[in-house]
Amino acid sequence: MFGYGLNVFWLLTHFILFPLSQFAMSSKYASVDFEIFGNVQGVCFRMSGHVTVQYTEDQAKKLGVNGWVKNTRQGTVIGQVQGPPEKVSEMKHWLRYVGSPSSRIDRAEFTNERDISKLEIRGFGTRY
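Rules behind the numbers
- Residues numbered from 1 in each chain as written.
- Predicted model: local features only at pLDDT ≥ 70, side-chain atom pairs only at ≥ 80, totals over all residues.
- Heavy atoms only, no water.
- UniProt positions renumbered as here; feature names shortened; annotations may be inferred.
- Helix = DSSP H or I, 4+ residues; strand = E, 2+ residues; numbered from the N terminus.
- Expected span 1.5 Å × (residues − 1).
- Contact = heavy atoms within 4.5 Å.
- Pairing = 2+ DSSP bridges.
- Axes fitted to C-alpha atoms, helices over the stretch in contact; angles between N-to-C directions.
- Salt bridge = Lys/Arg side-chain N within 4 Å of Asp/Glu carboxyl O.
- Buried < 20%, exposed > 50% of the residue type's maximum accessible area, 1.4 Å probe, protein only.
- Core = buried A, V, L, I, M, F, W, Y, C linked by side-chain atoms within 4.5 Å.
- Phe/Tyr/Trp six-rings, centres within 6.5 Å; stacked < 30°, edge-to-face > 60°.
- Lys NZ or Arg CZ within 6 Å of the ring centre and 35° of its normal.
- Parallel < 35°, antiparallel > 145°, perpendicular 65-115°, else oblique.
- Left-handed = near helix turned anticlockwise from the far one by under 90°.
- Nonpolar A, V, L, I, M, F, W, Y, C, P; charged D, E, K, R; others polar.

- Looking at an unreviewed UniProt entry, the chain carries the name Acylphosphatase, with the source organism given as Ictalurus punctatus.
- Note on the chain: under the UniProt heading Sequence similarities (unreviewed entry), the record states "Belongs to the acylphosphatase family."

What follows is the structure, given as structure tokens:
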């Protein structure tokens, strides 16, 4: 009976628990798409005091996340953020509640939120 218990334990740890822990370790980054609604264009939501540097880009670089941001023709701001889950969460909070100094954020939508094993985007930039 004792030997049978050890065999079951060995099977569980080597074929179920160990592979699951490897899977959990492989998805070490988060990725999320976003769209910000409100008065977020023409009020420097993307632009900072410097002509070529954007508030969103500045914040992303400060947090160390990767991705991109872009104004849409519909008057919203869209983009994607990738990085460590806690940093992506911080960026989501900034996008939803802070934004640029003169913006008015009505709502923020986050979609396609997923775990990724490696970063798919290098750096953070503005798309046109």
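Right, picking up where we left off after that structure.
## Things to note about helix α3 (residues 85–98)
Turning to step 1, where the next piece is worked out: Compared with the 20 Å implied by 1.5 Å per residue over 14 residues, the 19 Å span of α3 between its first and last C-alpha is a close match.
Turning to step 2, where the next piece is worked out: On its buried face, α3 is in contact with β1 (29–39), α2 (55–63), β3 (77–83) and β4 (104–116).
Turning to step 3, where the next piece is worked out: Positive phi shows up at Gly-99, right after α3, with a value of about 65°.

## A word on the sheet that holds β4
Turning to step 1, where the next piece is worked out: One open sheet accounts for five strands, arranged β4-β1-β3-β2-β5; its pairing is mixed. Each edge of the open sheet is held by one strand with a lone partner, namely β4 and β5 (124–126). In this sheet, neighbouring strand axes are inclined to one another by 15° on average, regardless of whether the strands run parallel or antiparallel.
Turning to step 2, where the next piece is worked out: In this sheet, β5 lies alongside strand β2 (residues 66–71) in parallel orientation, the contact comprising three bridges. In the sheet register, Gly-67 faces β5, and the bridge partner there is Phe-124.
Turning to step 3, where the next piece is worked out: Set on the sheet, α2 makes contact with β2 and β5; between it and β5 the angle comes to about 175°.

## Notes on the pattern of salt bridges
Turning to step 1, where the next piece is worked out: Under the counting rule described, the total for this entry stands at six salt bridges.
Turning to step 2, where the next piece is worked out: A salt bridge links Glu-109 to Arg-107; its shortest N-O distance comes to 3.0 Å.
Turning to step 3, where the next piece is worked out: Of the residues examined, Arg-107 reaches a relative accessible area of 43% and is grouped as partly exposed.
Turning to step 4, where the next piece is worked out: For Glu-120, the salt bridge is made with Arg-114, and the minimal N-O distance between the two is 2.8 Å.
Turning to step 5, where the next piece is worked out: Judged by relative accessible area, which is 48%, Glu-120 ranks as partly exposed.
Turning to step 6, where the next piece is worked out: Assessed through its relative accessible area of 27%, Arg-114 is described here as partly exposed.

## Some details on the nonpolar core
Turning to step 1, where the next piece is worked out: Core analysis: the largest hydrophobic core is formed by 18 residues, its most contacted members being Phe-34, Ile-36, Val-65, Val-81, Met-91 and Leu-95.
Turning to step 2, where the next piece is worked out: Put simply, the parts of the chain that give this core at least two residues each are β1, α2, β3, α3 and β4.

## With respect to the packing of aromatic side chains
Turning to step 1, where the next piece is worked out: Applying the stated criterion across every chain, the model contains zero aromatic pairs.
Turning to step 2, where the next piece is worked out: Looking at Lys-92, its charged tip hangs above the ring of Phe-110, at a distance of 5.1 Å from the centre.
Turning to step 3, where the next piece is worked out: The ring of Phe-37 carries Arg-107 above its face, with NZ or CZ at 3.8 Å from the centroid.

## Re the packing of α2 against α3
Turning to step 1, where the next piece is worked out: Closest axis-to-axis distance for the α2/α3 pair is 10 Å, and the angle between their directions is 155°. In terms of their interaxial angle, α2 and α3 are classed as roughly antiparallel. Of the two possible hands of crossing, α2 and α3 adopt the one that is right-handed. Along its contact with α2, which presents Tyr-55, Thr-56, Gln-59, Ala-60 and Leu-63, the element α3 presents Lys-87, Glu-90, Met-91, Trp-94 and Leu-95.
Turning to step 2, where the next piece is worked out: A per-class count over the contact of α2 with α3 returns six nonpolar, two polar and two charged.

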